[in-house]
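What the coordinates show
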Amino acid sequence: MDFTFLCSGKPEPNGRKVAIIGAGPSGLSATGYLACAGYKVEVYDKLPKPGGLMVFGIPGHRISPENIARGAEKLEKEFGVEFKLRTKICGSEPMHEETGDDMAYTYKSLGGRVEDNDAVLICTGTWKSRRMEVPGHELPGVYSGLEFLFPVRAASYEIANMDVPEIKGKKVVVIGAGFTAVDVVHAALTEGASRVSLVYRRSREEAPCGSMEFNMLEKQGAVCMEHSAPLEIVGTDRVEGVRFAPCVMSEPDEAGKCRLTVQKEESFVMEADIVVTAVGEMGTPPFAHDLGLDNVRKGDVKWLQMTSLDSVFVAGDVLMGPSKIGKAVYSGLKAAKSLDEWLTLKDQGRLDEFQDEVIRREDLR
Amino acid sequence: MQTLYLDYSKCIGCGTCESVCKFVHTHPRIIMTRTPDGWWVPLYCQHCQNPKCMKACTNKAIYRDPDTGAVLLKQELCAECPTKNCLMACPYVAMICTGARKAPITKCNLCLDRGGLGPACAPMCPCDALMLVDHEDLDKVKTPEAQKAYELVRQHIICPECPTS
């Protein structure tokens, strides 16, 4: 990925300095935009390599990590971008425990970044997995999609204190039907699990990943079970199985709505050594509350994609929730452009002229 | 005689090409679509050797750039006709109706307006699936897997009677 697609070479420096927090798709795209505009950019990331989930979440057969590494290397070597890896930026709020935090060696404050730079862009993504609230979800052997995928991917880079789940010969049950679930099934099969089952409460036609992925996983040896909802995870001191119940879609009611009914009396237990619940991720930005991210989402801010802290901008999944790489790239580019315009007008002392400018609905998309 | 080429077997449907195109041109010209079985793929202009859009346009607003061979739209000549025959003619769904009142039609111009930087989408593809190639070199980059994946896309979206190359 060549993030500097907007220019042919390093431009004259414009004297401005920006810090970008998070080296995923949105952070790197913004870095490319700003490097092309002559900014001195430093990029912080808690992980040992740039790329974020493109490198540490999405399997290598989908996105080659070398392709991302090449793009980051070009930013570093040709455009003088400084990568500060294994560095986590924290706010005043209590630390979140997110996947991958244990890879950071250094902790720095957001306030310090704001003081040292003309602007800061937060692109920290969604690293906290949503928990499935069923009894037994805290048993050892139950992982979230990221908790399972991240160590498997990270293990190929370096591995001090990495708690890699032992997969070989185990029975793995994956709950969910998004692309994370698909990648988990794939990883489990590659790592030599004896049996991998994908369980979804609706039909494969309704699955977010599409029926084609289901068919392909079945060809690769996974067992796909539709119309089954998890009731509880069973086991005494670790996971022994998952109790599922069949799910039936009711006939449309008066309002035309079909409801999913769980037939609890027909429940059954599926044996499992490892259970992975891939049911979504959440963002955990530093200073979440002070930044007023809800207002940014609604466009209720002074400047497009600027948080309630002056000169702090936000982009990517952390703002919009987990989505596709393309959406993150667009958000990063848009925030970088907005940041550049804001600093330019500020330097010219013309910000007041645009104070009443309305942020249109289409700008937020 | 250059064209954009997408290896559908490498594409993961992330939509980066569409986003980058949207950022550069406001209205994206490479468009993500989803097949009935849930496969996300981009559709794009292949800058055909024998473009149907060019034949369909009665105003001759679509022409071939003599230097690069790209099939381009001359916005000033576009009559913004209500029938929009070019849209219907394109077998790759690559003529775009933007919905804007002025200049309602747009199409890929291989980013010739970017001052020699080339297409913006290709270098940003995380999967190295998109590239700018010469028509003559197309056979060299087409792998059997790519051709198979392309046939699958064609079954779903692009008309089955259309020529495969």
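Now for the overall build of chain B. Of regular secondary structure, chain B possesses six helices and eight strands. Going residue by residue from the N terminus, the α and β elements of chain B occur as β-α-β-β-α-β-β-α-β-β-α-β-α-α. At 15 Å, chain B has a C-alpha radius of gyration in line with the 15 Å of a compact globule built from 165 residues. Taking the principal axes of its C-alpha atoms as reference, chain B extends roughly 40 × 35 × 30 Å.

What follows covers the overall build of chain A. Helices and strands together make up the secondary structure of chain A, namely 12 helices and 18 strands. When the backbone C-alpha atoms are referred to their principal axes, chain A occupies close to 70 × 55 × 40 Å. Going through the 365 residues of chain A one by one, you find that 46% of them count as buried. The long-range fraction of contacts in chain A, counting pairs at least 24 apart against all pairs at least 6 apart in sequence, stands at 68%.

Moving on to the sheet that holds strand β1 (residues 17-21) of chain A. Residue and element names in this part refer to chain A. Strand order across the open sheet formed by five strands is β3-β2-β1-β6-β18, with parallel pairing between neighbours. At either margin of the open sheet sits one strand with a lone partner, and together these are β3 (82-84) and β18 (312-314). Averaged over neighbouring strand pairs, the angle between their axes works out to 20° when direction is ignored.

This part is about unusual backbone geometry. Among all residues save glycine, negative phi is the norm, and among peptide bonds the norm is trans. Residues and elements named next belong to chain B. The backbone phi angle of Glu80 is positive, close to 50°, even though this residue is not glycine. Relative to the elements of secondary structure, Glu80 occurs in the loop between β5 (71-73) and α3 (85-89). The exposure class assigned to Glu80 is partly exposed, which follows from the 13 C-beta atoms found within 10 Å. Positive phi outside glycine occurs at Val93, with the angle close to 50°. Along the chain, Val93 falls in the loop between α3 and β6 (96-97). Its 15 C-beta neighbours within 10 Å are what place Val93 among the partly exposed residues.

All names here are of chain A. Domain boundaries assigned for chain A yield domain 1 (17-128 + 281-364) and domain 2 (132-277). Just the C-alpha atoms count here: the centres of domain 1 and domain 2 sit 32 Å apart. Per-class residue counts for the side of domain 1 that touches domain 2 are five nonpolar, three polar and three charged.

All right, on to helix α11 (residues 325-347) of chain A then. Taking 1.5 Å of rise per residue, the 23 residues of α11 of chain A would be expected to cover 33 Å, and the 33 Å separating its terminal C-alpha atoms lies within 8% of that figure. With its phi angle positive at about 65°, Gly349 of chain A sits one or two positions after the end of α11 of chain A.

Counting residues at the interface gives 19 residues for chain B and 23 residues for chain A. Looking at the side of chain B that touches chain A, the elements with two or more residues in it are α1 (16-25) and α4 (121-124) of chain B. Looking at which element gives the most residues to the side of chain B that touches chain A, the answer is α1 of chain B, with six residues. Per-class residue counts for the side of chain B that touches chain A are 11 nonpolar, four polar and four charged.

It is worth spelling out the sheet that holds strand β9 (residues 171-175) of chain A at this point. Residues and elements named next belong to chain A. Strands sit in the order β8-β16-β9-β10-β11 across an open sheet of five strands; the sheet is parallel. Taken across any chain shown, the strands that pair with only one partner, and hence form the sheet edges, are β8 (142-144) and β11 (223-225). Direction aside, the axes of adjacent strands within the sheet are offset by 20° on average. Where strand β10 (residues 195-199) lies against β11, three bridges are found, and the strand directions are parallel. Along β11, the bridge assignment pairs Val199 with Met225.

Residue and element names in this part refer to chain A. One finds Leu121 and Val174 to be the most contacted residues of the largest nonpolar core, which totals 150 residues. Looking at which element gives the most residues to this core, the answer is α11, with 10 residues. Split by domain, this core shows at least three residues from each of two domains, domain 1 (17-128 + 281-364) and domain 2 (132-277).

Let's shift gears to the packing of helix α1 (residues 25-36) of chain A against helix α3 (residues 65-79) of chain A. Angle between the axes and distance between the axes are the two parameters that describe a pair of packed helices. All names here are of chain A. Running from N to C, α1 and α3 cross one another at 25°; their axes reach a closest spacing of 11 Å. In this view, α1 runs roughly parallel relative to α3, as classed from their interaxial angle. In this structure, α1 meets α3 at a crossing whose hand is left-handed. Of the residues in α3, those touching α1 at Leu28, Thr31, Gly32 and Ala35 are Gly71, Ala72, Leu75 and Phe79. Of the residues contributing to the contact of α1 with α3, the split by class is five nonpolar, three polar and no charged.

Residues and elements named next belong to chain A. Bridge analysis of strand β12 (residues 228-234) against strand β13 (residues 241-249) gives six bridges, and the strand direction is antiparallel. Within β13, the position partnered with Glu232 by the bridge is Arg243. Here β12 folds back onto β13, and the loop between the two strands holds six residues, one of which, Gly235, carries a positive phi near 150°. As judged from the four bridges shared by β13 and strand β15 (residues 268-271), these two strands associate in the antiparallel manner. The residue of β15 that forms the bridge with Gly241 is Glu271. Here three bridges tie β13 to strand β14 (residues 260-262), and the two strands are oriented antiparallel to one another. When the bridges of β14 are listed, Val248 appears paired with Thr261.

Assignment of secondary structure puts Leu304 of chain A in the loop between α9 (293-298) and β18. For Leu304 of chain A, a count of 20 C-beta atoms within 10 Å puts it in the buried group.

The rules behind the values
- Residues numbered from 1 in each chain as written.
- Chains lettered and ligands numbered in written order.
- Predicted model: local features only at pLDDT ≥ 70, side-chain atom pairs only at ≥ 80, totals over all residues.
- Helix = DSSP H or I, 4+ residues; strand = E, 2+ residues; numbered from the N terminus.
- Rg over C-alpha atoms; globule rule 2.2 N^0.38 Å.
- Buried ≥ 20, exposed ≤ 12 C-beta atoms within 10 Å, placed from the backbone.
- Contact = placed C-beta atoms within 7 Å.
- Pairing = 2+ DSSP bridges.
- Axes fitted to C-alpha atoms, helices over the stretch in contact; angles between N-to-C directions.
- Domains from an automatic or database assignment.
- Nonpolar A, V, L, I, M, F, W, Y, C, P; charged D, E, K, R; others polar.
- Expected span 1.5 Å × (residues − 1).
- Core = buried A, V, L, I, M, F, W, Y, C linked by C-beta atoms within 7 Å.
- Parallel < 35°, antiparallel > 145°, perpendicular 65-115°, else oblique.
- Left-handed = near helix turned anticlockwise from the far one by under 90°.

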